[in-house]
Amino acid sequence: MTHNLLGPGPTLLPEHTTAQAALDAGNDPAAVAAEHPDYSEAWASLAEKALDAGETVAAYAYARTGYHRGLDQLRRAGWKGFGPVPWSHRPNQGFLRALAVLGKSAGKIGETEEYERCRTFLADSDPAASEATGLK
């Protein structure tokens, strides 16, 4: 990802080493989310599983939770509502994955404007996130 010298620098979310280790060890994302409710990656995992199972409304709800938790953290990290959120930084991926599932599930329930907002937001955050999540 190239950085626009006139725009804001990339925003990097803080590490959640305990929660990340729990997910990486194969723990149930619901248990990880219950123990670490501010950890977007757990919510994103729940959202992706629900979407894969055809549970679109549950996917939407999980994704919205992960998205809002991630927005809170982005703001605390200095993000002003725009600028790069690099996919290459693992702690950002939970937020970006939640944003992608929010867009996909919004599209499935007919929320076309929200689908487009999510798609644009994801691409503006980092085009690599659009590629990695399949929301282009």
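The structure under discussion appears in the preceding block.
The structure contained in this document is the topic of the report that follows. (Residues numbered from 1 in each chain as written. Predicted model: local features only at pLDDT ≥ 70, side-chain atom pairs only at ≥ 80, totals over all residues. Heavy atoms only, no water.)

## Considering the pattern of salt bridges
So, point 1. Within the structure shown, the criterion is met by 7 salt bridges.
So, point 2. Three or more residues are tied together by salt bridges with common partners; here these are Asp-24, Glu-41, Glu-48, Arg-90 and Arg-97. (Salt bridge = Lys/Arg side-chain N within 4 Å of Asp/Glu carboxyl O.)

## What to know about the packing of helix α3 (residues 40-52) against helix α4 (residues 56-76)
Working note: a packed helix pair is described by the angle between its axes plus the distance between those axes.
So, point 1. Where α3 contacts α4, the two axes come as close as 8 Å, and the packing angle between them is 160°. Taken as axis vectors, α3 and α4 run roughly antiparallel relative to one another. Crossing hand, α3 versus α4: left-handed. Residue-level contacts link Ser-40, Trp-43, Leu-46, Ala-47, Ala-50 and Leu-51 of α3 to Ala-58, Ala-59, Tyr-62, Ala-63, Thr-65, Gly-66, Arg-69 and Gly-70 of α4.
So, point 2. For the contact of α3 with α4, the residue count by class is 9 nonpolar, 4 polar and 1 charged. (Axes fitted to C-alpha atoms, helices over the stretch in contact; angles between N-to-C directions. Helix = DSSP H or I, 4+ residues; strand = E, 2+ residues; numbered from the N terminus. Parallel < 35°, antiparallel > 145°, perpendicular 65-115°, else oblique. Left-handed = near helix turned anticlockwise from the far one by under 90°. Contact = heavy atoms within 4.5 Å. Nonpolar A, V, L, I, M, F, W, Y, C, P; charged D, E, K, R; others polar.)

## Here we look at empty space enclosed by the protein
Space left empty within the atom packing is revealed by a probe, the size of a water molecule, rolled over the atoms.
So, point 1. Counted by the stated rule, this structure contains 1 cavity of 30 Å³ or more.
So, point 2. Roughly 90 Å³ of internal volume is contained in the largest cavity.
So, point 3. Broken down by secondary-structure element, the contributors of at least two residues to the lining of the largest cavity are α3 and α5 (90-108).
So, point 4. In terms of residue count, α5 provides more of the lining of the largest cavity than any other element does, 4 residues in total.
So, point 5. Counted by class, the lining of the largest cavity contains 5 nonpolar, 5 polar and 4 charged residues. (1 Å grid on protein atoms, 1.4 Å probe; cavity = no way out; pocket = protein on both sides within 12 Å on 5 of 7 lines; lining within 4 Å. Points joined across faces, edges and corners; volume = space filled by probe spheres on them.)

## Some words on the packing of aromatic side chains
So, point 1. Throughout the structure, instances matching the rule amount to 5 aromatic pairs.
So, point 2. Taking the centre distance of 6.2 Å and the plane angle of 40° together, the rings of Trp-43 and Tyr-62 count as tilted. Taken as a pair, Trp-43 in helix α3 and Tyr-62 in helix α4 lie far apart in primary sequence, 19 residues in all.
So, point 3. By relative accessible area, which is 16% here, Trp-43 ends up buried. (Phe/Tyr/Trp six-rings, centres within 6.5 Å; stacked < 30°, edge-to-face > 60°. Buried < 20%, exposed > 50% of the residue type's maximum accessible area, 1.4 Å probe, protein only.)

## Notes on the environment of Val-57
So, point 1. Topologically, Val-57 is positioned in helix α4.
So, point 2. Note: C-alpha distance between Val-57 and Ile-109 (52 residues apart in sequence) is 7.9 Å.

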